[in-house]
Amino acid sequence: MDRELVVGFAATLTMILNVGIIMIAMQIVFYDVVSDFEIALIATAYWIPAFLLTSVWGYLADITGERKTIAIISQFIVAILTFLHVVFNLYSQILLLRFLTGIFSSAYLPCVQGYLTLDKRPEEFGHVLGVYNTAIASGFFVSGVLTSFSMHFVDPLELVILAGTASLISGFLLILLPSKPKIRRKEPLGRILSSLASVRLVGELREGRAYLLVFSLALRHIAVMGLFSVIYVYMQRVGIGREIVGYISSANNIVQILLIHPLSALSDRIGRKKLFVLGFLLSSFIPINFMFSRSPLEFILAFAFIGLSYATMIAGVNPYLRDAAPETKVSEFLSLTNTTRAFGMIFGPILVGILVTQQSYSFAFIILFLLGLISAFISFFAEEIYQRK
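Each value, and the rule that gives it
Residues numbered from 1 in each chain as written. Predicted model: local features only at pLDDT ≥ 70, side-chain atom pairs only at ≥ 80, totals over all residues. Heavy atoms only, no water. Helix = DSSP H or I, 4+ residues; strand = E, 2+ residues; numbered from the N terminus. Rg over C-alpha atoms; globule rule 2.2 N^0.38 Å. Contact = heavy atoms within 4.5 Å. Areas by Shrake-Rupley, 256 points an atom, 1.4 Å probe, with all protein chains shown as cover. Lys, Arg positive; Asp, Glu negative; His and termini not counted. Charge placed at Lys NZ, Arg CZ, Asp CG, Glu CD. Salt bridge = Lys/Arg side-chain N within 4 Å of Asp/Glu carboxyl O. Buried < 20%, exposed > 50% of the residue type's maximum accessible area, 1.4 Å probe, protein only. Polar contact = N/O pair within 3.5 Å; in protein donor to acceptor, adjacent residues only side chain to side chain. Phe/Tyr/Trp six-rings, centres within 6.5 Å; stacked < 30°, edge-to-face > 60°. Lys NZ or Arg CZ within 6 Å of the ring centre and 35° of its normal. Expected span 1.5 Å × (residues − 1).

## Describing the overall build of the chain
When you go through the chain residue by residue, the secondary structure sums to 17 helices and zero strands. Compactness check: the chain gives a C-alpha radius of gyration of 19 Å against a globular reference of 21 Å for 389 residues, within 12% of the reference. Summarising its shape, the C-alpha atoms of the chain cover approximately 55 × 45 × 40 Å along the three principal directions. Counting contacts in the chain only where the partners sit at least 6 residues apart, residues at least 24 apart contribute 87% of the total. Only carbon and sulfur atoms are counted for the fraction: they give 71% of the accessible area of the chain, which is about 14,600 Å². One finds the centroid of the 28 positive side-chain charges in the chain at a distance of 6 Å from the centroid of its 23 negative side-chain charges.

Given below as structure tokens:
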């Protein structure tokens, strides 16, 4: 890898350390303090601004060309907000801090993915985005292990200091990225609200019926992100010790680390659709695996299956969206991966919280399985648009 990808990998890994540590720590901190539904809403509070504003950050990056600068500033602000979790640690205060953090954290993906792919050829998109997504998986892996290890020595709330430090490091690493020519598109800043929640953008994805892929992503993320919003609580309820949940969940990220880049590079050779359709289909079975898991080994295998399905899906989806993006709308088009994930994290936890409260975990898992099947079916009708130059 060249210097640009190495620095981008390291900055992205440390950025994700913040997300991963906080995700686990907040579920543990409020376990048996508030209801499972209220725990799920902590994630929702973070993802609401991400859903609304990721595409806005992408739009801002595209019209200014300041992708690197925006990413740096956002990481420093995220670090400050994370440190404030230690001081303002009541449930209502944490909800507000998660909302504010989500506003600035959502700038990272469109800015950095746009920066890394801006001067690359289509047959390199899979390789470059594979490096980025492997860094995401590596960050979640390290955060899981680090959280479980640290739990032996510190209070869960104190883990946020580590998370804030990680965001600071990410910001400083981004400063080391080399400068690039600023490719801008000429549109007035006043039109920025038109990009809110990617509504206008989805309407522009006519080539290859790419808009169908966005719908599939949204449904898939409702199912999987809804599951993740309560899975650590669920594991504790079936008898898995909280000290090992981070170790167990790391199986997901280990598989992603091993497979994302090879599969992404494969998409540069065979196209994107074969991979993302298979990935969506595999993803639909994730809730069923957890429904029948009880022992640590069974949960390890269930998390490993998440890694397999996600690696296959993202290896096709991410380069596909980059294929569809004009050079002047790179960041805005790539923001769709985060917008759809945020959509899932808003409605997934609410759906799962209601189903678990009114019915049971098993009933909720069956509903999520059916949503996954629908997402796989829809993705089949998107057309391949990748062409090697």
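## Thoughts on the pattern of salt bridges
If you walk through the whole model with that rule in mind, you get ten salt bridges. Between Glu123 and Arg121 there is a salt bridge whose closest N-O contact spans 3.1 Å. Classification of Glu123 as buried rests on a relative accessible area of 17%. On the basis of relative accessible area, Arg121 is assigned to the partly exposed category, the value being 46%. Asp323 is paired through a salt bridge with Arg272; the nearest N and O atoms lie 2.8 Å apart. Within this pair, whereas Asp323 is found in helix α14 (residues 296-324), its partner Arg272 is found in the loop between α11 (245-270) and α12 (273-283), the two being separated by 51 residues in sequence.

## Concerning the side chain of Thr54
By the element assignment, Thr54 lies in helix α2 (residues 36-64). Residue Thr54 is classed as buried on the basis of its relative accessible area, which comes to 0%. Separated by 2.6 Å, the side chain of Thr54 and the backbone oxygen of Ala50 make a polar contact. Leave out the neighbours within four places in its chain, and Thr54 touches Pro49, Ser106, Pro110, Ser335, Asn338 and Thr339.

## Some words on the environment of Phe83
Residue position: Phe83 is located in helix α3 (residues 67-87). Given a relative accessible area of 29%, Phe83 falls into the partly exposed group. Every residue in contact with Phe83, bar those within four places of it in the chain, is listed here: Val160, Ile161, Gly164, Thr165 and Leu168.

## With respect to the side chain of Ser74
Tracing the backbone through its elements, the reader meets Ser74 in helix α3. In this structure Ser74 comes out as buried when scored by relative accessible area, which is 2%. Side-chain polar atoms of Ser74 contact the backbone oxygen of Ala71, separated by 2.8 Å. When residues no more than four places from it in sequence are discounted, the contact partners of Ser74 are Phe104 and Ala107.

## Brief notes about the packing of aromatic side chains
What the rule picks out here adds up to 19 aromatic pairs. Between Tyr211 and Phe215, the aromatic rings sit 6.2 Å apart at their centres with planes inclined by 70 degrees, giving edge-to-face as the arrangement. With a gap of four residues between them, Tyr211 and Phe215 both fall in helix α9 (residues 211-228), about one helical turn apart. Owing to a relative accessible area of 29%, Tyr211 belongs among the partly exposed residues under this scheme. Relative to Phe381, the ring of Phe380 lies with its centre 5.6 Å away and its plane at 85 degrees, an arrangement referred to as edge-to-face. The aromatic ring of Tyr115 is capped on one face by Lys180, whose charged end is 4.3 Å from the ring centroid. Between Lys273 and the ring centre of Phe380, over which it is positioned, the NZ or CZ distance is 4.9 Å.

## What to know about α11
Taking 1.5 Å per residue as the helical rise, α11 with its 26 residues ought to reach 38 Å, and the 37 Å between its terminal C-alpha atoms agrees with that figure. Looking one or two residues past α11, Gly271 carries a phi angle of roughly 100 degrees, positive in sign.

## Here's the deal with α3
In an α-helix, one full turn covers 3.6 residues, which means residues spaced three or four apart are oriented alike. For α3, built from 21 residues, the straight-helix expectation of 30 Å at 1.5 Å per residue is met to within 8% by its first-to-last C-alpha distance of 32 Å. Those residues of α3 that are buried lie in contact with α1 (3-29), α2, α4 (91-105), α5 (108-117), α7 (159-175) and α15 (330-334).

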